[in-house]
Amino acid sequence: MLTAHNSIKLITLSTLEAQGSLRELLDSHHIEYNVSVRNPHDIGGFFPVADIQTLMTQDMEYIFYVHQRDAEQAYRLLTQEGYHDTSIEP
């Protein structure tokens, strides 16, 4: 089970298409993950929730977390697949 205690941030993406592609990639390699979605233009609150129209029409921050035991494999996979984003954690 992936929890805050045993997970590590992997990468932050900003488009619906990119996060969908990464989900498929991680699933195909059997890497367990969680995704947190954040509206970068939201002014805050405890649990701001974007509506479906916002999710479909605006770039969001899709923050991927993986289990610590899978982090090295996930980092290699992202590098291998061309994810050279500065938000990839070392």
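Residues numbered from 1 in each chain as written. Predicted model: local features only at pLDDT ≥ 70, side-chain atom pairs only at ≥ 80, totals over all residues. Heavy atoms only, no water.

Moving on, we get to the side chain of Asp70. Mapped onto the elements of the fold, Asp70 is located in the loop between strand E3 (61-67) and helix H3 (71-80). For Asp70, the contacting residues outside a window of four places in its chain are Ile31 and Glu32. (Helix = DSSP H or I, 4+ residues; strand = E, 2+ residues; numbered from the N terminus. Contact = heavy atoms within 4.5 Å.)

Attention now goes to helix H1 (residues 16-28). For H1, which comprises 13 residues, the first-to-last C-alpha distance of 18 Å matches the rise-based estimate of 18 Å (1.5 Å per residue) to within 8%. Among all positions in H1, only Gln19, Leu22, Leu25 and Leu26 are buried. Taken around the axis of H1, the buried residues stretch over an arc of 120 degrees, which confines them to a single face. H1 presents Glu17 and Glu24 as exposed residues on the side facing more than 90 degrees away from its buried surface. Close packing links the buried residues of H1 with strand E1 (7-13), strand E2 (33-38), E3 and H3. One or two residues past the end of H1 sits His30, with phi positive at roughly 55 degrees. (Expected span 1.5 Å × (residues − 1). Buried < 20%, exposed > 50% of the residue type's maximum accessible area, 1.4 Å probe, protein only. Arc of directions from axis to C-beta.)

All right, on to the pattern of salt bridges then. Pairs can form between side chains of opposite charge whenever their charged atoms are close. As enumerated under the stated definition, the model contains four salt bridges in all. A salt bridge links Arg38 to Glu61; the shortest N-O distance between them is 3.5 Å. Here the residue Arg38 occupies a position in strand E2, and Glu61 occupies one in strand E3, the gap between them amounting to 23 residues. Arg38 gets classed as partly exposed once you look at its relative accessible area, which sits at 40%. In this structure, the salt-bridge partner of Arg76 is Glu72, at a minimum N-O distance of 3.0 Å. Taken as a pair, Arg76 and Glu72 lie in helix H3 at a separation of four residues, close to a single helical turn. Overall, Arg76 belongs to the partly exposed group, its relative accessible area being 49%. Relative accessible area serves as the criterion here: at 56%, Glu72 is assigned to the exposed category. (Salt bridge = Lys/Arg side-chain N within 4 Å of Asp/Glu carboxyl O.)

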